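As a plain string of letters, each chain reads:
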There are 2 protein chains.
Amino acid sequence: MPTTTLAPIDAATFKALFRHYPNGVAIITAAGAAGPVGFTATSVASVSADPAVLAFSVTHQASAWPTLREAEAVAIHFLDAEHLDLGRTFAARGIDRFDGARWRPLPGGAPRLLDVPTWTHARVLERVEAGGSTVLLAQPIAAEVGTDRTPLVYHDRTFHQLGEGSTLRSA
Amino acid sequence: MPTTTLAPIDAATFKALFRHYPNGVAIITAAGAAGPVGFTATSVASVSADPAVLAFSVTHQASAWPTLREAEAVAIHFLDAEHLDLGRTFAARGIDRFDGARWRPLPGGAPRLLDVPTWTHARVLERVEAGGSTVLLAQPIAAEVGTDRTPLVYHDRTFHQLGEGSTLRSA
């Protein structure tokens, strides 16, 4: 049954709207006062190619939020299907997400995860509070783009990959 | 070969970063002074579930931008694979995108496309200019969620769907 509401929609309806809306998966990291922080995000979006600007959001409940509130720069790693376990690790609670991760600090300290070949180092331009989250706009200042990418897709609360024969053509 | 740049990255590198980053596909519509406007977007992102807030961006080159700059509300339609042709129509230039589309105005006039079962009517909260685009934050105030959704995915400049067996499990 479709759900219709007329007031500002409730959290359950909002989540239902986005449950079947697929997204790429990224790990966003930053240099925190007590060491590197990072989280798996499905909200990264391209905003402008020239000049380059991207956006992502972070909930104020996230363990990385106190760092993201202040960070001057972030590293954004675009995950392929082979990075599934890394994506799960950076979404898990109550663990040291960097334990076992191979990383190196970028200038300014944001940790670059060495196992993800496609990444960008981005300077935070602006923070816009919205609901219980903040949208960050950031300007990529360095990037590496890997080859042979088979991206990870988050959809219906699980991770997927685009398989062979997934391309659609008009009837 | 990976591409590395140290200055603000150029448009080609930025596009390469996002080329293999998959996104859901939506059609965003609004009531224009000269009739309904709409465009196919791959930038819709969930920001906050409670209170409900979503974000999307629109380039200032878009034919819909003069309307989106002023609009108080928009309708956002989340496309399934079966809506491929509609998605292509609302990305095409130099045509009347609403020619042949079945739609009805929501309160305030934003056109709801009747062939897309999953949609939300959202009030624009804020506009943030970034590069040659504007990020809009919007609060859903009504929604319908369809069933049996097989979402459309935009990736590598073509439309895809998540096929059978696309689900990944950890090794």
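Everything below is about the structure printed above this text.
This brings us to the interface of chain B and chain A. At the interface, 77 residues of chain B touch 77 residues of chain A. For the pairing of chain B and chain A, the buried interface totals around 6300 Å² over both sides, and the portion due to carbon and sulfur atoms is 65%. Contact with chain A buries area across many residues of chain B, yet Leu-17, Tyr-21 and Leu-168 of chain B alone supply 11% of it, more than any other trio. Across the chain B-chain A interface, the total number found is 0 salt bridges. The biggest single contributor to the side of chain B that touches chain A is strand S10 (residues 133-144) of chain B, with 8 residues. When grouped by side-chain class, the residues that make up the side of chain B that touches chain A number 43 nonpolar, 25 polar and 9 charged.

In this section: the environment of Ala-92 of chain B. All names here are of chain B. Along the polypeptide, Ala-92 turns up in the loop between helix H3 (84-89) and strand S7 (103-105). The exposure class of Ala-92 is partly exposed, given its relative accessible area of 24%. Placed 64 residues apart in sequence, Ala-92 and Ile-28 show a C-alpha to C-alpha distance of 14 Å.

With an RMSD of 0.0 Å, the operation that places chain B on chain A is a rotation of 180° combined with a shift of 0.0 Å along the axis. Taken together, these values place the two copies in the relation of a two-fold axis. Closest approach to the rotation axis among the C-alpha atoms of chain B is made by Asn-23 of chain B, whose C-alpha sits 2.4 Å away. Looking at chain B, 100% of its interface residues are interface residues in chain A too, so the copies touch through the same face.

Per the counting criterion, the structure on display carries 14 aromatic pairs over all chains. Here the aromatic rings of Phe-78 of chain A and Phe-18 of chain B are separated by 5.3 Å at their centres, their planes lie at 85°, and the arrangement is edge-to-face. Linking Phe-78 of chain A in strand S6 (residues 73-78) with Phe-18 of chain B in helix H1 (residues 11-19), this pair reaches from one chain into another. Judged on exposure class, the residue Phe-78 of chain A and its partner Phe-18 of chain B are both buried. Residues Phe-90 of chain A and Phe-98 of chain A carry aromatic rings whose centres are separated by 5.0 Å and whose planes lie at 90° to one another, so their mutual orientation is edge-to-face. Of the two residues, Phe-90 of chain A and Phe-98 of chain A, both sit in the buried class. Three or more aromatic residues joined by ring pairs form one cluster here, namely Phe-14, Phe-18 and Tyr-21 of chain A together with Phe-78 of chain B.

What follows deals with H1 of chain B. Residues and elements named next belong to chain B. Residues of H1 that are buried include every one of Thr-13, Phe-14, Leu-17 and Phe-18, and no others. The buried residues of H1 occupy one face: seen down the axis, they fall within an arc of 130°. Residues of H1 that are exposed and angled more than 90 degrees away from the buried face: Ala-12 and Lys-15. Near the N-terminus of H1, the side chain that reaches the backbone nitrogen of Ala-12, with its oxygen 3.3 Å away, is that of Asp-10.

Negative phi values dominate among residues other than glycine, just as trans dominates among peptide bonds. Between Asp-50 of chain A and the following residue, Pro-51 of chain A, the backbone shows a cis peptide bond with an omega angle of 0°. For Pro-51 of chain A, the position within the fold is in the loop between strand S4 (45-49) and strand S5 (52-59). The backbone phi angle of Asp-148 of chain B is positive, close to 50°, even though this residue is not glycine. Relative to the helices and strands, Asp-148 of chain B resides in the loop between S10 and strand S11 (152-155). Of note in this structure, Asp-156 of chain B is not a glycine but carries a positive phi near 55°. Turning to its location among the elements, Asp-156 of chain B is positioned in the loop between S11 and strand S12 (158-161).

Rules behind the numbers
Residues numbered from 1 in each chain as written. Chains lettered and ligands numbered in written order. Predicted model: local features only at pLDDT ≥ 70, side-chain atom pairs only at ≥ 80, totals over all residues. Heavy atoms only, no water. Contact = heavy atoms within 4.5 Å. Buried area = accessible area lost by both parts, 1.4 Å probe. Salt bridge = Lys/Arg side-chain N within 4 Å of Asp/Glu carboxyl O. Helix = DSSP H or I, 4+ residues; strand = E, 2+ residues; numbered from the N terminus. Nonpolar A, V, L, I, M, F, W, Y, C, P; charged D, E, K, R; others polar. Buried < 20%, exposed > 50% of the residue type's maximum accessible area, 1.4 Å probe, protein only. Least-squares fit on C-alpha atoms with pLDDT ≥ 70 in both. Phe/Tyr/Trp six-rings, centres within 6.5 Å; stacked < 30°, edge-to-face > 60°. Arc of directions from axis to C-beta. Polar contact = N/O pair within 3.5 Å; in protein donor to acceptor, adjacent residues only side chain to side chain.

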